[in-house]
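Results of the structural survey
What follows is the residue order along each chain.
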Amino acid sequence: MSAPLVLAVPAKGRLQENAEAFFARSGLQLIKPRGARDYRGAVAGLDGIEVAYLSASEITTQLAQGAVHFGVTGEDLIREQIPDADARVVLIEGLGFGFANVVVAVPQAWIDVRTMADIDDVATAFRHHHDRKMRVATKYINLTRDFFARQGVVDYRIVESSGATEGAPAAGTAEMIVDITTTGTTLAANALKIVDDGIILRSQANLVAARTAPWTPEQRETARVILDRITAQQRARSFREVRARFAACDARLVATARERFSVETPFGGPTSSGMLTLHCPPTQVYALTSFLRDNGAEAVAVADLDYVFSKENPLFSKLAAAL
Amino acid sequence: MDAMVTAQGSDARAEALLSSYERAGYARVNPPILQPAEPFLDLSGEDIRKRMFITTAPGGDEEFCLRPDLTIPVSRDYLASSEAGKPAGFCYLGTVFRHRRDAAAEFLQAGIESFGRPDKAAADAEMLALGLEAAAHYGLREADIQIGDVALFASLIAALDLPAAWKRRLVKDFNRKSNLAQDLDRLTLGGSNGRPEYQGVLAALAGSDPKGAHALVTDLLSIAGINAVGGRSVAEIAERFLEQSALGASTRLPKEVRGLIERFLAIKGDPDEAAAELRTLSADANMNGALAQALDLFESRAGFLAAQGIDLKRVKFSTAFGRGFDYYTGFVFELTDPARTGDPLVAGGRYDGLLTRLGSAEPIAAVGFSVWIERLSVYGGAK
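Note that the structure is predicted; figures quoted are calculated from it, not measured.

Rules and cut-offs
Per chain, the residues get numbers from 1 upward, laid out in the order the sequence is written. To read the labels, note that chains go from A and ligands from 1, taken in the order they are written. Only residues with pLDDT of at least 70 get local features here, since the model is predicted, and only at 80 or more are side-chain atom pairs given and counted; chain-wide, interface and lining totals rely on the full set of residues. Values reported for side chains reflect all heavy atoms of the structure, with hydrogen atoms and water molecules removed beforehand. Here a strand is any run of E in DSSP of at least two residues, a helix any run of H or I of at least four, and the numbering for each starts at the N terminus. Between buried and exposed lies partly exposed: a residue is buried under 20% and exposed over 50% of the maximum accessible area for its type, with that area taken using a 1.4 Å probe on protein chains only. Only heavy atoms matter for contacts: two residues are in contact if any of them lie within 4.5 Å across the pair. Each accessible area is a Shrake-Rupley result for a 1.4 Å probe, and residues are judged covered by the shown protein chains and nothing else. Atoms counted for the radius of gyration: C-alpha only. Globule rule: 2.2 Å times residue count to the power 0.38. His is not counted, nor are the chain ends, whereas Lys and Arg count as positive and Asp and Glu as negative. By convention, the point assigned to a charge is CZ for Arg, NZ for Lys, CD for Glu and CG for Asp. When two parts are brought into contact, each loses some accessible area as probed by a 1.4 Å sphere; the total of that loss over both is the buried area. We define a salt bridge as a contact between a side-chain nitrogen of Lys or Arg and a carboxyl oxygen of Asp or Glu at a distance within 4 Å. Axis definition: a line fit to C-alpha positions, over the contact stretch in the case of helices; interaxial angles, taken between N-to-C directions, run 0 to 180 degrees. Orientation is classified from the angle alone, with under 35 degrees giving roughly parallel, over 145 giving roughly antiparallel, 65 to 115 giving roughly perpendicular, and any other angle giving oblique. Note on pairing: two strands pair once DSSP finds at least 2 bridges between them. Confidence scores labelled pLDDT are given residue by residue by the predictor and lie between 0 and 100. For this analysis, a nonpolar core means a set of buried residues of the types Ala, Val, Leu, Ile, Met, Phe, Trp, Tyr and Cys, connected via side-chain atoms within 4.5 Å. Two rings from Phe, Tyr or Trp (for Trp, the six-membered ring) form a pair when their centres are within 6.5 Å of each other. A pair whose planes differ by under 30 degrees is stacked, one over 60 is edge-to-face, and the rest are tilted. The criterion for a charge sitting over a ring is simple: Lys NZ or Arg CZ within 6 Å of the ring centre, and within 35 degrees of the ring normal. Left-handed describes a crossing whose near helix is turned anticlockwise from the far helix by less than a right angle; the clockwise case is right-handed. Three residue categories are used. Nonpolar comprises Ala, Val, Leu, Ile, Met, Phe, Trp, Tyr, Cys and Pro, charged comprises Asp, Glu, Lys and Arg, and polar comprises the others, including Gly.

Within chain B, the regular secondary structure consists of 15 helices and 14 strands. By the burial criterion, 49% of the 383 residues in chain B qualify as buried. Pairs at least 24 apart in sequence give 70% of the contacts found in chain B among residues at least 6 apart. Entry remark: accessible area of chain B is about 17400 Å², with carbon and sulfur atoms responsible for 53%.

Here is the structure:
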């Protein structure tokens, strides 16, 4: 048997649950045939895939090295851990969970600081006042350095912090921090505030592909199947199916519906008997049904979609273009 | 050609260069390759971390690095020695380590550091002359000579009638490589979106007596239950808050100041022409001799350069040259060969502030330069 495609997913916690739920929605059920404690798994009913359960940080490293083909990990780790990340990996798709921002935060007492321009000025003044540079506590050393360089801030030093970074200013080990936050509650509890234009990265969990992994034709085909199912599921989730049948239904009416409600017509215009199938964004469904009824439809049926497979596979095209 | 032969050949030539420096009175030193990382990061900024080889001792958390240059190691050794504070000159030849995308990370540099000499103009000129000797030693007779003097810009800014925040900003921007002259138009102080949260308080404070305003801000912070954390004192925060209130939101640099700085930064030419233009500018702007001290040193240095046998017509001075070198305080120079890559072959200058930043209680004059042996090795040698 040829070498399988390796998909790395987080080995524990909310990230693992969310990742498994994401793949399950796409009909890709991750299973552990040899028991729950195993760190190797498979996908039910699909050959040629091996699932590797790793920490998010390890997934990032393995993606950079091309040791796995696909991985689920946060964009923050990708940007921080991999130098020149875009040359080594491709972010295929944001997965809609694991949202967090990497931000610059300063003590609330700094009432004179609102923007990065203020930080720049304060940093220079601090050096003159204290004869040393302002310290920034963070575990995001590379993101911080690049962001500060782009903002023109030079008078600072990075203090590496591997945990409880938000406590550093109060503890006196740093003047300010760069850290990840979801709601800002922890920052506020530590009397810190986010600098207005200090959002370095809006991160979420991503499906990431390794450019340098060995991509055999079989592995590419497996990747195509996986991405096809994910695309079909995503497309299904972003539409409701709306069906109606009425005599007055014609091409002009469909054109109006397309324009006003952003509907798609997966099977073309109305049939000769006036049967019409539309795919409509969920927020527009009610307005669309009113429109159809106003124009003569007696009844309009709306249903959820499980999958919408189509000829195009934009996610696979993205991967193919990068390999 | 065999790479080993090339390396040994260039070493022999570099050794001969060092011998000539020793004959000129510079004691040869060879600081340890493994250095504490802190002084390099502190002096050059976090950005240099990308290019440094950093390591830690097993079980320790102090960072060490393979020396990325020799100026800081030589300076530290001098400071630690019994000669600290006394005039002393050193020369070196050794490997330095910098991560580079297209070239080996380990390469040879030679150079000279001269400490504690009170005759600054003469010392500056001697460094440039010794740098030219290095180029000539490798067979490059007509190196391009680019010089600058960062003390001139510092004196200009110090003399301007501007709020402290503006002076900080301008000096810091000068130290960056981007084009300050082009930035001047866009330069604003204060957040670009104004400060709606505090606008009322700021307006109320504007023009009030500083002591009372200071007390008010201090009280405001304590009423809000905010203890100053993060190293800045309440006084510091209040002071800058008031400074901002005096400036108002989004202040632009006054037009006439901008014009003056632009005119200053446009001055270039040989040292004599430039000095004349600078004297005219100083008189036009009624600067009452604020530039005089820096200009006197500049002209005296030009005299010593001529005395060293350097044709001043070959020397390209620019007021804007020297930006991007954080710790230089005066004379800066670079020798290049525009017919080749244009990369610096010899580069140096004066850094009177360096030894204080490395821990010296008293300021100690310092000037020196480094020679890129690998870049000079491509030349055929002295004829």
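That shown, we press on.
Moving on to the overall build of chain A. For chain A, the helix and strand inventory stands at twelve helices and 15 strands. By the compact-globule yardstick of 20 Å for 323 residues, chain A is too spread out, its C-alpha radius of gyration being 25 Å. Along the first, second and third principal axes, the C-alpha atoms of chain A reach 85 × 55 × 35 Å. Burial status across chain A gives 51% buried among its 323 residues. Put simply, chain A shows about 14900 Å² of open surface, and 49% of that area lies on carbon and sulfur atoms. Computing the positive centroid from 35 side-chain charges and the negative centroid from 37, chain A places the two 3 Å apart.

Here we come to the interface of chain B and chain A. Interface size is often expressed as the accessible area that is lost when the parts come together. Listed by partner, the interface residues are 38 residues for chain B and 37 residues for chain A. Summed over both sides, the interface of chain B with chain A buries roughly 3200 Å², with 50% coming from carbon and sulfur. For chain B, the biggest contributors to the area lost against chain A are B:Glu46, B:Arg232 and B:Arg240; these three give 19% of the whole. Where chain B packs against chain A, one counts seven salt bridges. With its nearest N and O atoms 2.9 Å apart, the salt bridge here joins B:Arg240 to A:Asp121. Sorting the residues of the side of chain B that touches chain A by element identifies helix H2 (38–44), helix H6 (164–174), helix H9 (210–223) and helix H10 (234–247) of chain B as the ones contributing at least two each.

With that settled, the discussion passes to helix H3 (residues 71–80) of chain B. Taken as a whole, H3(B) has its buried residues at B:Thr71, B:Ile72, B:Pro73, B:Val74, B:Ser75 and B:Tyr78. Packed against the buried residues of H3(B) are strand S2 (34–36), H2, strand S5 (88–97), strand S6 (106–115) and helix H14 (354–357) of chain B.

At a minimum axis separation of 10 Å, helix H5 (residues 116–130) of chain A and H6(B) run at an interaxial angle of 90°. Put simply, H5(A) runs roughly perpendicular to H6(B). Every residue of H6(B) that contacts H5(A) at A:Asp120, A:Asp121, A:Thr124 and A:Ala125 is listed here: B:Ala165, B:Arg168 and B:Lys172.

Residue and element names in this part refer to chain A. Counting buried positions along strand S7 (residues 100–107) yields seven of eight residues, so the element is predominantly enclosed. Examined bridge by bridge, S7 and strand S11 (residues 192–203) share seven bridges and lie antiparallel to one another. Its bridge partner being in S11, valine 102 is matched across the sheet by leucine 201. Sheet topology places S7 next to strand S10 (residues 176–181); five bridges connect them, and they run antiparallel. The residue of S10 that forms the bridge with alanine 105 is isoleucine 177.

Residue and element names in this part refer to chain B. Judged by pairing direction, the sheet is antiparallel, and its three strands sit side by side in the order S2-S4-S3 without closing on themselves. Of all strands in the sheet, those with a lone pairing partner are S2 and strand S3 (54–56), marking the two edges. Here the average twist between neighbouring strands, direction ignored, is 40°.

What follows deals with the pattern of salt bridges. In the structure shown here, the tally under the stated rule is 35 salt bridges over all chains. A:Asp121 serves as the salt-bridge partner of B:Arg168, at 2.9 Å between the closest nitrogen and oxygen. With B:Arg168 in helix H6 and A:Asp121 in helix H5, the pair connects residues from two separate chains. Here B:Arg168 and A:Asp121 have matching classes, each one buried. Note that B:Arg279 and B:Glu299 form a salt bridge whose closest N and O atoms lie 2.7 Å from each other.

This part covers the confidence of the model for chain B. All names here are of chain B. Residues with a pLDDT of 70 or more make up 83% of chain B, whose mean pLDDT is 85. The model gives residues 1–9 a pLDDT under 50, and that stretch makes one contact with residues more than four places away or in other chains. Across the predicted assembly, pTM comes out at 0.80 and ipTM at 0.75.

We now examine the nonpolar core. When a protein is soluble and globular, its nonpolar side chains tend to lie buried together. Formed by 96 residues in total, the largest nonpolar core has its most connected members in B:Tyr21, B:Leu128, B:Ile261, B:Phe369 and B:Val371. The biggest single contributor to this core is helix H4 (residues 120–137) of chain B, with nine residues. Not counting chain neighbours up to four residues away, the residues in contact with B:Phe369 comprise B:Tyr21, B:Tyr92, B:Ala110, B:Gly111, B:Ile112, B:Met127, B:Leu130, B:Gly131, B:Phe333, B:Val346, B:Ala347 and B:Gly348. Grouped together as the second largest cluster of nonpolar side chains are 47 residues, A:Val51, A:Phe70, A:Phe97 and A:Ala205 included.

So, about the sheet that holds strand S11 (residues 315–318) of chain B. Residue and element names in this part refer to chain B. Spatially, nine strands are ordered S1-S5-S6-S14-S13-S12-S7-S11-S10 in an open sheet, and the strand pairing comes out mixed. Among the strands making up the open sheet, the edge pair consists of strand S1 (27–28) and strand S10 (268–269). In the sheet, S1 pairs with S5 via two bridges, with the strands oriented parallel. Across the sheet, the residue bridging to alanine 27 is phenylalanine 90, located in S5.

On to the packing of aromatic side chains. Aromatic rings in a pair are described by how distant their centres are and how their planes are angled relative to each other. Scanning all chains against the criterion turns up 17 aromatic pairs over all chains. Taken together, a centroid distance of 5.4 Å and an interplanar angle of 10° make the contact between B:Phe107 and B:Trp372 stacked. Here B:Trp372 lies in strand S14 (residues 366–372) and B:Phe107 lies in strand S6, a separation of 265 residues in the sequence. Here B:Phe107 falls in the buried class, since its relative accessible area comes to 4%. The structure contains a cluster of three or more aromatic residues connected by ring pairs, namely B:Tyr21, B:Phe331, B:Phe333 and B:Phe369. The cationic tip of B:Arg232 hangs over the ring face of A:Trp110; the distance from NZ or CZ to the ring centre is 4.7 Å.

Attention now moves to the packing of helix H10 (residues 251–261) of chain A against helix H11 (residues 285–294) of chain A. Residue and element names in this part refer to chain A. At a minimum axis distance of 11 Å, the contact between H10 and H11 shows a crossing angle of 155°. Judged by the angle between their axes, H10 and H11 are roughly antiparallel. When the axes of H10 and H11 are compared, the crossing they make is right-handed. Note on element contacts: H11 touches H10 through Ala287, Leu288, Phe291 and Leu292, opposite Leu253, Thr256, Ala257, Arg260 and Phe261. Partitioned by chemical class, the residues of the contact of H10 with H11 number seven nonpolar, one polar and one charged.

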